[in-house]
Amino acid sequence: MEKIDTIARIVELAVAVVGSAIVTRIITIRQRVRQEKSAADKAEAEVKADQIENIRKTMDEVYKPIIEDLRKTAADAMAEASEARKVAAEALDKVEILEQENRELRRENTQLRDAIREINPDLVPSKRGANASSQARGADGRFVKKEEAGA
């Protein structure tokens, strides 16, 4: 029986060694899977960081100069528009002054014509139109239709 006990102990020891080797292997595999997953996550994060950095560089190299150029163009256009508004306002002021002067000159011209007409009516054309002077008139001095004038 001693041999059987010894064999049983050897078998138990062998089973224990094999069992502990399997458990150790399982723990090692789990640890390796965790490390590899961690490494993969880290690599993915680095790739994303690189992508973000590439986008940032593209923005700085391509889009930023375009944006700055557009801002400068918009500022120049605003300045030109402001200058154009000033010029237009000045022109409107001048037009208003000229219109006022024109009204005054027309009034003065009318007054002067009336004064000259009182002094010497032949020097100033009649207030009636050029057509009115050649139109036929009746005995009372009123205009008549052509049919009445001929009859």
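All values derive from a computational prediction rather than experimental measurement.

1. A closer look at the overall build of the protein
Across its full length, the protein holds three helices and zero strands. Counting all 151 residues of the protein, 1% fall into the buried class. For the protein, the computed accessible surface area is about 14100 Å², with 58% contributed by carbon and sulfur atoms.

2. A few points about the pattern of salt bridges
When charged atoms on two side chains of opposite charge get close, those side chains can pair. This model, assessed by the stated rule, comprises six salt bridges. For D114, the salt bridge identified is with R117, shortest N-O distance 2.9 Å. Taken together, the residues D114 and R117, both in helix α1 (residues 2–119) and three residues apart, mark about one turn of the helix.

3. Examining a negative patch on the surface
Negative charge collects at one region of the surface, where E83, E90, D93, E96 and E99 lie side by side. Within the secondary structure, E83 is located in helix α1.

4. Observations regarding a nonpolar patch on the surface
A surface patch of nonpolar side chains, about 650 Å² in accessible area, is lined by I55, M59, V62, Y63, I66, I67 and L70. Tracing the sequence through the fold places M59 in helix α1. You can call M59 partly exposed: its relative accessible area is 40%.

5. What about the confidence of the model for the protein?
Chain-level statistics for the protein give a pLDDT mean of 85 and a share of 87% at 70 or above. The secondary-structure element of the protein with the lowest mean pLDDT is helix α3 (residues 146–150), recorded at 56, while α1 shows the highest, at 90.

So, how was this worked out
Residues numbered from 1 in each chain as written. Predicted model: local features only at pLDDT ≥ 70, side-chain atom pairs only at ≥ 80, totals over all residues. Heavy atoms only, no water. Helix = DSSP H or I, 4+ residues; strand = E, 2+ residues; numbered from the N terminus. Buried < 20%, exposed > 50% of the residue type's maximum accessible area, 1.4 Å probe, protein only. Areas by Shrake-Rupley, 256 points an atom, 1.4 Å probe, with all protein chains shown as cover. Salt bridge = Lys/Arg side-chain N within 4 Å of Asp/Glu carboxyl O. Patch = residues over 30% accessible without salt bridge, like charges linked within 9 Å, V, L, I, M, F, W, Y side chains within 5 Å. Lys, Arg positive; Asp, Glu negative; His and termini not counted. Charge placed at Lys NZ, Arg CZ, Asp CG, Glu CD. pLDDT = per-residue confidence, 0-100.

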